[in-house]
Amino acid sequence: MSVTTLPHDPTRKQAHRKRRLSRPIDMAFSALGIGLAALVLWRIFNWAVLNAVWISPDGTSKVCRGISGACWAVIDVRWRLILFGLFPFEEQWRSSLACLVIVIVAILSCLPRFWRAPRLAGLWIAGFVAFYVLMAGGIFGLTSVAPEKWGGLTLTVFIYAAGMLIGMPTAIGLALLRRSTMPVIAKITGLFIDGIRSLPLITILFTAALIMPFVLPPWLLGDKIWRVVIGFSLFFAAYEAENIRSGIQALPAGQEEAAKALGLTYWQRTTRIVLPQAFRNALPPTINQFVISFKETSLIVIIGFFDVMASGKAAFGTGDWSFAWVEVYVFVALIYFVFVFSLSRYGAYLERRLRVGQH
Amino acid sequence: MGETAIQITAMNKFFGKFHALKNINLTVGKGERIVICGPSGSGKSTLIRCINRLEEHQDGSINVLGTELDDNVSHIDLIRREVGMVFQHFNLFPHLTVLENCTLAPILARKTARAEAEGTAMKYLERVHIPEQAMKFPGELSGGQQQRVAIARALCMKPEILLFDEPTSALDPEMISEVLDVMVSLAADGMTMVCVTHEMGFARQVADRVIFMDKGEVVEEGAPDDFFSAPKNDRTQKFLNQILSH
């Protein structure tokens, strides 16, 4: 299906204006609405820009006393805490570099030229090794930093990237297993997916962090951060598996039959015919799931991790800055917005790109 | 007829409790052209879909080119590589170009080198008169063109046998002849063909044998001249009256 855009048509514009502004009552409502919006925007602008204090020369909140605008000085003083959490101060360049590595790897893997399994795998393995070396240290003369000290935006980005990276292949596996021709396998997978979906993410994270140590043998336990990543990715995978399955169900039966008739094996059919088309069908809900998951990373605070949200709270938590919570939340919201909005726009780009050749 | 291509013996097929194919016995020789006709629901599509295991038979045996069609996956794969199929709804892969549609299976299932597979694909696309569409996607082609690509895609596997499952039923009337022309030229080259079709003109022109099915049974079979001019069975007579009267 192609979207036909109507050519610019002046008569349509006139008709539109006529409908909106013909009667005095319409005009009055329009004027009222526009006026109200302008007023709100003006007040926000006043607060955020005109009357705002941007920096604090002495590092205290004294500059913000008695002002009517925003006290952005809190960000000036506390931005390192928000971005890096409890990571040792002198080593924070490592945390920022590690965060940058993951973001760059994520951006690179969005480019079509990297869409080859070996390239993507190589890219992400290299990315995570670099991240881990930078964050944990202990080699190359870097002092070692325990994962409990990782925090802020870097931790959010790490949990998210690792969760998605483990979650996506798991989701594909679950979707395929649920469509297995063997009823036992399909049923068990279905129960597993529905079971995970029936639990709140918080309980899964809680179980991964605090219950697992009682259940698993110590050699299988690993670090808490990895258990949390795995819990997070399982939760994502349960939802995403159903998105992918819906994409597979949408394929006409003839696609798989034609591939069978050509002598392609199950894996050849799955990787070359079924999944590429299923991904395209499942793209809108998949982007949705990625966006939701980014925001869900803030729940890891429940098990004692300082993600960007929690470290933001810490930034205004001390008495000195406790009045500046709006400013900090606006700053954190902006960070989320940058990530999630780019993700959404990338999704829209993918949809346009993949529409090529779709009938 | 020389060697046997397909040997179906006492084959039965059930969909749950429904007895879809009843005691089918059919032998197709190499190079033979068979047309299967019959009213809808008679089991003709199911029959040819059993030949490459798109449907599983429950009873009796099917032997294709000397390989027994059983639960052994390697037997199934072997038979599918040697038996091409053309579908009513084309079933081209919409996310691949016409050329990729034609080269995918030779590269993956036959391990042909890409350059060679592309050469073969262009040869067969020329054979079906659409080499200029090679870089387009299936969605950009007409129905008749898509069906010709589907035939070229099947030919690229260099199959011994081609199955046609109502290849012209989903086409607009003006596109039927371009597809039939290709099928006639394949028949002239000695391809073993089993066609489910309502194109009686095609049956008269190229078939060695016409098989009439009804209610899951083979009711009558014979050379096209005898079949059309002197059908023995009442049901055949009735069917032919219905489809030839207008």
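Residues numbered from 1 in each chain as written. Chains lettered and ligands numbered in written order. Predicted model: local features only at pLDDT ≥ 70, side-chain atom pairs only at ≥ 80, totals over all residues. Heavy atoms only, no water.

## Some thoughts on the overall build of chain B
Quick note on the threshold: Strands are runs of DSSP state E lasting at least two residues, helices are runs of H or I lasting at least four, and both sets are numbered from the N terminus onward. Only protein chains enter the area calculation, which uses a 1.4 Å probe; residues under 20% of their type maximum are buried, those over 50% are exposed, and those in between are partly exposed. Contacts are residue-level and defined by heavy atoms, with any inter-residue pair within 4.5 Å sufficient. Here the Shrake-Rupley method, with its probe set to 1.4 Å, supplies the accessible areas, and only the displayed protein chains count as covering residues.
What chain B contains, in helices and strands, is 9 helices and 10 strands. If you line up chain B on its principal axes, its C-alpha atoms span 55 × 45 × 35 Å. Residues classed as buried in chain B amount to 57% of the 246 residues present. Across chain B, contacts joining residues at least 24 apart in sequence account for 65% of those joining residues at least 6 apart. In the structure as shown, chain B presents an accessible area of about 10,200 Å², 48% of it carried by carbon and sulfur atoms.

## Things to note about the interface of chain B and chain A
Rules: Summed over both partners, the accessible area (1.4 Å probe) lost when two parts come together is defined as the buried area. Whenever Lys or Arg places a side-chain nitrogen within 4 Å of a carboxyl oxygen from Asp or Glu, that contact is recorded as a salt bridge.
Contacts between chain B and chain A engage 24 residues on the former and 22 residues on the latter. Interface area for chain B against chain A, summed over the two sides, is near 2,000 Å², with a carbon-plus-sulfur share of 64%. Summed over the shared surface of chain B and chain A, the result is 1 salt bridge. A salt bridge links Glu257 of chain A to Arg49 of chain B; the nearest nitrogen and oxygen atoms lie 2.7 Å apart.

## Brief notes about the sheet that holds strand 5 (residues 67-68) of chain B
Backbone hydrogen bonds hold the strands of a sheet together, and the pairing may be parallel or antiparallel. All names here are of chain B. Stated precisely, the cut-off is as follows: One bridge is not enough; two strands pair if DSSP finds at least two bridges between them. For helices, the fitted line uses only the C-alpha atoms of the stretch in contact; every axis is such a line through C-alpha atoms, and the angle between N-to-C directions lies from 0 to 180 degrees.
Judged by pairing direction, the sheet is antiparallel, and its 4 strands sit side by side in the order 2-1-4-5 without closing on themselves. Two strands bound the open sheet, and with one partner strand each, they are strand 2 (18-29) and strand 5. As paired elements, strand 1 (residues 4-15) and strand 4 (residues 59-64) share 5 bridges and run antiparallel to each other. Across the sheet, the residue bridging to Thr9 is Ser61, located in strand 4. Of the strands in this sheet, strand 1, strand 2 and strand 4 are in contact with helix 1 (residues 44-51), which crosses strand 1 at around 120°.

## What about the nonpolar core?
Inclusion rule: Nine residue types can take part in a nonpolar core, namely buried Ala, Val, Leu, Ile, Met, Phe, Trp, Tyr and Cys, and a core is a set of them joined through side-chain atoms within 4.5 Å.
Trp150, Phe158, Ile159, Val228 and Ile244 of chain A are the most contacted members of the largest nonpolar core, which totals 84 residues. Counting residues per element, this core draws most heavily on helix 6 (residues 152-178) of chain A, at 15 residues. Ignoring any residue separated from it by four or fewer positions in sequence, one finds Phe158 of chain A in contact with Phe128, Phe131, Trp150, Gly163, Ile225, Trp226 and Val229 of chain A. Within the second largest apolar cluster, 48 residues are counted, among which are Leu125, Phe164, Cys195 and Val219 of chain B.

## Looking at the sheet that holds strand 8 (residues 192-196) of chain B
Residues and elements named next belong to chain B. Read across the open sheet, the 6 strands follow the order 6-7-8-3-9-10; overall the sheet is mixed. Every other strand in the sheet has two partners, leaving strand 6 (83-86) and strand 10 (217-222) as the edge strands with one partner each. On average, each strand axis in the sheet is tilted by 20° relative to the strand beside it, whichever way the strands run. For strand 3 (residues 33-37) and strand 9 (residues 209-214), the ladder comprises 4 bridges, and the chain directions are parallel. Bridge pairing in strand 9 links Ile34 to Arg209.

## Things to note about the environment of Gly16 of chain B
Tracing the backbone shows Gly16 of chain B in the loop between strand 1 and strand 2. Spatially, the C-alpha atoms of Gly16 of chain B and Ser185 of chain B are 40 Å apart, while their sequence positions differ by 169 residues.

## So, a nonpolar patch on the surface
Residue and element names in this part refer to chain A. Quick note on the threshold: Exposure above 30% relative accessible area and no salt bridge define the residues that can form patches, which grow by joining like charges within 9 Å and nonpolar side chains of Val, Leu, Ile, Met, Phe, Trp and Tyr within 5 Å.
Where nonpolar side chains cluster on the molecular surface, the patch consists of Trp42, Phe45, Val49, Leu50, Trp54 and Ile55 and spans about 630 Å² of accessible area. Of note, Phe45 is situated in helix 2 (residues 24-50). The class of Phe45 is partly exposed, set by a relative accessible area of 40%.

## Considering the state of the cysteines
Joining two cysteines, a disulfide is a covalent bond between their sulfur atoms. All names here are of chain B. Where we set the bar: Here, a disulfide means two cysteine sulfur atoms that sit within 2.5 Å of each other.
If you walk through the whole model with that rule in mind, you get 0 disulfides over all chains. Not part of a disulfide, Cys37 finds its nearest cysteine sulfur in Cys195, a span of 12 Å. Residue Cys37 is classed as buried on the basis of its relative accessible area, which comes to 0%. No disulfide involves Cys102; its nearest neighbouring cysteine sulfur is the one of Cys156, lying 4.4 Å away. Overall, the relative accessible area of 1% leaves Cys102 in the buried class.

## Observations regarding the pattern of salt bridges
Residues and elements named next belong to chain A. Within the structure shown, the criterion is met by 20 salt bridges over all chains. Close ionic contact of Asp194 with Arg197 constitutes a salt bridge, the shortest N to O distance being 3.0 Å. You can see Asp194 and its partner Arg197 sitting in helix 7 (residues 183-197), 3 residues apart, about one turn around the helix. Classification of Arg197 as partly exposed rests on a relative accessible area of 31%. By sharing partners, the salt bridges in this structure join Arg178, Asp194, Arg197, Glu242 and Arg245 into a single network.

## Some thoughts on the pairing of strand 7 (residues 161-165) of chain B
Residues and elements named next belong to chain B. We count it as follows: Looking down the strands as they point away from the viewer, one classifies a crossover as right-handed if the path from the first strand across the helix to the second runs clockwise.
With 5 of its 5 residues buried, strand 7 lies for the most part within the structure. Of the two faces of strand 7, the one carrying Ile161, Leu163 and Asp165 and the one carrying Leu162 and Phe164 are both buried. With respect to chirality, the unit in which strand 7 leads through helix 6 (residues 173-188) into the neighbouring parallel strand 8 is right-handed.

The quantities given are spatial measurements derived from coordinates; they are silent on function.
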